[in-house]
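Fold and contact review
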Amino acid sequence: MSAYATMPCHLETERLILRPWAEADAGEFSDLLAERGQGKPPVERIRTSIGELLAATETTGIALLPIQRREEGDFIGYCGLIIGRSTLEEPEIAYELCRRAHGHGYATEAAGAVLEAAAATGRKRLWSTVATGNTASLRVLEKLAFVRDRVSVEENGEVVWLTRTLP
């Protein structure tokens, strides 16, 4: 039994809805991952990944959630908590948006809702790890009061580790 409450899997903001994954998200999730420039993953593999994300949420009580715009109803990315390079006690916040959704404040808005949800679980601190060259993500985290902890060198380059204390 976890010492933490389960994170809500349905979050709403003024412009966004974060909700549980559905099999129908596989095509758009695959398109988003293709924007990384390393090829488009097969939709069937993404369906498997969605199943793994849902199972991980059941096990850990934290969630990575798809983001859709409230008015348009379209998938624009994901945001949530993951173990990643951290721990279940102090998870990482993670987000990624489709290029067409960049520059509108959606990442900051979605991550703000996830911060509130993380605090409601009883956690006291979150982490984020970002490539040093990802200035847009670093700006989002700065707006959300994350502070730089350290920089590590990994196989793909330098990674900034940031942390945020929760109320």
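None of the values given here were measured: they were computed from a predicted structure.

Within the secondary structure, G80 sits in strand β4 (residues 75-82). Looking at G80, the relative accessible area reads 0%, which means it is buried. Apart from residues lying up to four places away in sequence, G80 is in contact with A63, L64, L65, E92, I93, A94 and V114.

So, about the side chain of D74. Position of D74 relative to the elements: it lies in the loop between β3 (64-69) and β4. Every residue in contact with D74, bar those within four places of it in the chain, is listed here: I67, Q68, R69 and R100.

This next bit is on the packing of aromatic side chains. Throughout the structure, instances matching the rule amount to 4 aromatic pairs. Counting every residue linked through ring pairs, the aromatic cluster contains W21, F29, F75 and Y78. In this arrangement the basic side chain of R123 is found over the ring face of Y4, its NZ or CZ atom lying 4.3 Å from the centre. The ring of W161 carries R150 above its face, with NZ or CZ at 4.0 Å from the centroid.

This brings us to the environment of Y78. Mapped onto the secondary structure, Y78 falls in strand β4. Beyond its immediate stretch of four places on either side in the chain, Y78 contacts W21, F29, L32, R36, L64, L65, P66, I67, A94, Y95 and E96. A distance of 3.3 Å separates the side chain of Y78 from the side chain of R36, its partner in a polar contact. Reaching out from Y78, the side chain makes a polar contact with the side chain of E96 at a distance of 2.6 Å.

The rules behind the values
- Residues numbered from 1 in each chain as written.
- Predicted model: local features only at pLDDT ≥ 70, side-chain atom pairs only at ≥ 80, totals over all residues.
- Heavy atoms only, no water.
- Helix = DSSP H or I, 4+ residues; strand = E, 2+ residues; numbered from the N terminus.
- Buried < 20%, exposed > 50% of the residue type's maximum accessible area, 1.4 Å probe, protein only.
- Contact = heavy atoms within 4.5 Å.
- Phe/Tyr/Trp six-rings, centres within 6.5 Å; stacked < 30°, edge-to-face > 60°.
- Lys NZ or Arg CZ within 6 Å of the ring centre and 35° of its normal.
- Polar contact = N/O pair within 3.5 Å; in protein donor to acceptor, adjacent residues only side chain to side chain.

Note that every value here comes from positions in space, so none of it alone points to a role or purpose.
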